[in-house]
Amino acid sequence: MSGEVVLEARSLVKWFPTGSSKLLNRPTDMLQAVDGVSFSLDRGTTLAVVGESGCGKSTLGRLLARLIEPTSGSVILDGTDVTAASSKELLALRRDIQVVFQDPYACLNPRHSIGQSIGTPIRIQKTLSRAGEKERVRELMGLVGLNPEHYNRFPHEFSGGQRQRAGIARALALSPKVIVADEPVSALDVSIQAQILNLMEDLQRQLGLSYVFIAHDLSVVRHIADRVAVMYLGKIVEIGDPESVYDTTAHPYSRALLSAVPVADPRNASRRTRIVLTGDVPSPVDPPSGCRFRTRCPKAEARCATEEPLLVDAPGRRAGEHLVACHFPD
Amino acid sequence: MIFFVLRRSFFAIVLLLIVSAFTFVIFSALPSDPAALTCGKNCRPEVIESNRERLGYDRPLVEQYGAYMKGIFAGRTYGEEGSSIHCSAPSLGYSYDRHECVTTLIASTLPVTASIALGAFVLWMVIGVGLGTLAALKRGRWQDRVATAFSVIGVSLPTFFLGLIFIMVFVIWTGLLPFPRYTGLTENPVEWFMSLLLPWFVLAIISAATYVRMTRNGILEVMNEEFVRLGIAKGLPRRRLIVTYVLRAALVPIVTIAGLDFAFLLGGALVTESIFNLPGLGKLTLAAVINSDLPILVATTMVSAVFIVVANTVVDILYGYLDPRVRVK
Amino acid sequence: MTLLSVRDLRVTFGTADGDVHAVKGVSFDVSPGETVAIVGESGSGKSVTANSLLRLNFGADVRTSGQVLLEGRDILAMSDEEVRHVRGREVAMIFQDPLTALNPFYSVGRQIGEAYAVHHPEASKKELREIALDSLHKVGIPEPGKRIDQHPHEFSGGMRQRIVIAIALVNSPKILIADEPTTALDVTVQAQILELIAAMQAEHGSAVILITHDLGVVAEITERVMVMYAGRVVESAAVADAFVTPTHPYTRGLLKSVKSLDSVRHERLESIPGIPPSLINLPSGCPFHPRCAHADSLAGRCSTEVPELRRVGPGSSACHLPDERLLNLLGGAHER
């Protein structure tokens, strides 16, 4: 990938205190939600972050938008260190990075009209007058495929897909450079998912947006990702260009994840050899030593328990094209 | 589990210390001079000063608090030899207004309040949970409407009003009951029961109103839970489903609130005790407020606080027992 | 031989906003040991249909008509006590969310034992424990002896769904209804659960009715599929036919919107325009016509006349378009 980097994560770590000692309520354990994640996102492209529940992908999203503070590491947005910004600077930085949530209800106040909700970031940041705000909101509504005439309607009068359009419009209100989309289509019906994915692609092309797209399975992101990162227990285990990751998968976890996706074409179903992982994801409070995936890995050997694999170029790939963290990559 | 109980108890004690200190400071900060209140209007300044010294109000606040706390465990003697007054442990102070140790006063009023609280509590749980369950199971039918009406009326009726109506109807008009005159349980159980019947019902009806609503809503909420649907899909008989699935789940939060309400009631039912002329903690407190009897006020506040903190702790421990999800591993 | 026969099932919920016509005349048959899928998006009536089979639709004003014949006996006409003996014994159910489907107050062993004891009152405590242990072992819970006395919150989502399956299968029912059994689970766990359901079906010989919105899941484990839209069955066919040569425009749109692992970067997804209809104010005529690309070609017939499910090629389809157009014009969901 060439191009200018718009967002960069450097060794991001987020540990949440959890549990307590017996007599005093002092935290004794740390939930290692995100544990040393680095990547860079080129302007106008999409990075997909994929993983199952508990892998830390949502925490990562919230760290990038600095909705929560990292334990260590930094986020660089267009050359500025977001993590070091003062609260005043942060307000300005917030314009440049916005979040779209899985449940659009989370950012739509049920007592406010949809137009008011979409305009909220403008009012907070005071970038426009009241009249200007209204005009901008109507423009945004048109942009995401909502009828601007419906400005005064309330969220419950809209369908799930329309609400997600409103959530996207709200994220666009301040003309951000980067949008973190946290499972934006997971709660929607299949026929509506496609509409929203297409919309996001159109907006990216029109507005030159960059996306961090968080998803729980690999099929959703196949269409929109320019780069795919697979996370497991707080770490990126594989990252690379989608063609390379999908077709020449290097990490055993990614392979399992890919093979687990049910395929709607009966002709294809038999073509794929399914790898069914045994057991569940271990607790992020007490992750396995060495390679975190080793407890479920069909390839695990003694070395995996003692030595943590680093994220390095997969064998036979161009530098930076496709990285994997595994002692025995394919 | 044992650690959980220990930890909770430890925190309860710390909390009580804080509450007692806080109460003490607040009452000391009041503009009224406690020493001046010890004798009548035409008091000579020398008497006030000598009383101040006898009661220890001339000492710094911290020292006063220390003496107070020490009194609780070791008893306390006011004044010099000869004219001294001794209040044995646990001493909660001395009421100059009544010329008695506060502990003695509380000890004589507490059984009354406990009798009222216990009976009312049993009644209101039976009425509240019973009616609430009935309303939920017969949702939308006349039973539900009756229960809801009861709940609305109970919530909106002031205690004194209901109390007076009860006295009018049961004592004055029909003469079914004698006017309540409190008799100790050990003295005459039948009279004890009769004298408390009206206050029990008054308190129970008013408190039960909230419980009807809580129980009804709790049950209806649980009935929508997926696990109840699974219970039905298993083929469980309705009665068993209601008892082991629905009530079991719906009553957990109610038990919690009931424990706190009961503790609150133990601190004295001010209005009810006054209407029915019952010599309980509430009436003692009310009289103390009117007479600015600070030692009694400090003591009753602390006694109430003890009940609430203890109830809180018990409820927390009970909650862990009732709901496996909050049980500590 | 038919095990279950549903005839003209209709379910209406009375609400403050008006009547919600959730199911509008659904008929289908299930043979012993067969796997049938009912596919649809939210509001299609698939879950309401499934719940009707055991009379599990609750609410102040639910009106159900039609017949649900289990080996000839109409479940909808049974007394409450008779239905109770069908539930869990002859027809069992798996719910969508394993996190909320288990009673949080009782140990999992007790809940499995209870499901057996309801229909076998003679069973002793010791027997019930044996049965629960055995069930836990069969559904793949490691160390069942240690886990049997634990409470649901001590298990992961996937493990809890295994326990729900153990409960459903403890009486070896004739029919297992699985309502979105993997929707709440992670993909790798989903694969485990689907395998488990298939294995359990093979062992108990139960028929499975799978309710899902996920066409991928359907293709994985079922033989026959019914596609529902706005309370009606719009297409019914063998999975191989429905997915390779769908006849109804809606099925085709649905298949096209499915994101494929084999697609190309930034390729546009085909999508069905518009949004699903309100079940209170259904469009006149064919409920799909406002979103259908072919609706204009039939001179207004689609907006006035409700199409009946009729035989088209190897399956059935509810569309006014003539057979040859359904078979040829729409055929091949995977053509590019």
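Residues numbered from 1 in each chain as written. Chains lettered and ligands numbered in written order. Predicted model: local features only at pLDDT ≥ 70, side-chain atom pairs only at ≥ 80, totals over all residues.

## A few points about the interface of chain C and chain A
Every contact between the two is made by 43 residues of chain C and, on the other side, 41 residues of chain A. For the side of chain C that touches chain A, the secondary structure elements donating two or more residues are helix 7 (157-169), helix 8 (187-204), helix 9 (215-221), helix 10 (239-244) and helix 11 (249-257) of chain C. At six residues, helix 8 of chain C tops the list of elements feeding residues into the side of chain C that touches chain A. The residue makeup of the side of chain C that touches chain A, split by class, is 18 nonpolar, 15 polar and 10 charged. (Contact = placed C-beta atoms within 7 Å. Helix = DSSP H or I, 4+ residues; strand = E, 2+ residues; numbered from the N terminus. Nonpolar A, V, L, I, M, F, W, Y, C, P; charged D, E, K, R; others polar.)

## Brief notes about the domain arrangement of chain A
Residues and elements named next belong to chain A. Partitioning chain A into domains gives domain 1 (5-96 + 176-324) and domain 2 (110-175). Measuring from the centre of the C-alpha atoms in domain 1 to the corresponding centre in domain 2 gives 29 Å. Residue-level contacts link 11 residues of domain 1 with 11 residues of domain 2. At the level of secondary structure, the elements contributing two or more residues to the side of domain 1 that touches domain 2 comprise helix 2 (87-96) and helix 6 (190-207). By residue number, the principal contributor to the side of domain 1 that touches domain 2 is helix 6, which donates four residues. (Domains from an automatic or database assignment.)

## As for the packing of helix 9 (residues 252-260) of chain A against helix 8 of chain C
Where helix 9 of chain A contacts helix 8 of chain C, the two axes come as close as 8 Å, and the packing angle between them is 55 degrees. The angle between helix 9 of chain A and helix 8 of chain C places the two elements in the oblique class. Considering only the axes of helix 9 of chain A and helix 8 of chain C, their crossing is left-handed. Between helix 9 of chain A and helix 8 of chain C, the residues in contact are A:Ala256, A:Leu257 and A:Ala260 and C:Val187, C:Thr188, C:Gln190 and C:Ala191, respectively. Here the residues of the contact of helix 9 of chain A with helix 8 of chain C are counted per class, giving five nonpolar, two polar and no charged. (Axes fitted to C-alpha atoms, helices over the stretch in contact; angles between N-to-C directions. Parallel < 35°, antiparallel > 145°, perpendicular 65-115°, else oblique. Left-handed = near helix turned anticlockwise from the far one by under 90°.)

## Observations regarding the packing of helix 5 (residues 142-156) of chain B against helix 7 (residues 189-223) of chain B
All names here are of chain B. Taken N-terminus to C-terminus, the directions of helix 5 and helix 7 make an angle of 135 degrees; their axes are 8 Å apart at the nearest point. When the axes of helix 5 and helix 7 are compared, the pair comes out oblique. Helix 5 and helix 7 meet at a crossing whose hand is left-handed. Where helix 5 approaches helix 7, its residues Ala147, Phe150, Ser151, Gly154 and Val155 are matched on the opposing element by Ile205, Ile206, Ala208, Ala209, Thr210, Val212, Arg213 and Arg216. Looking at the contact of helix 5 with helix 7 residue by residue, the classes come out as eight nonpolar, three polar and two charged.

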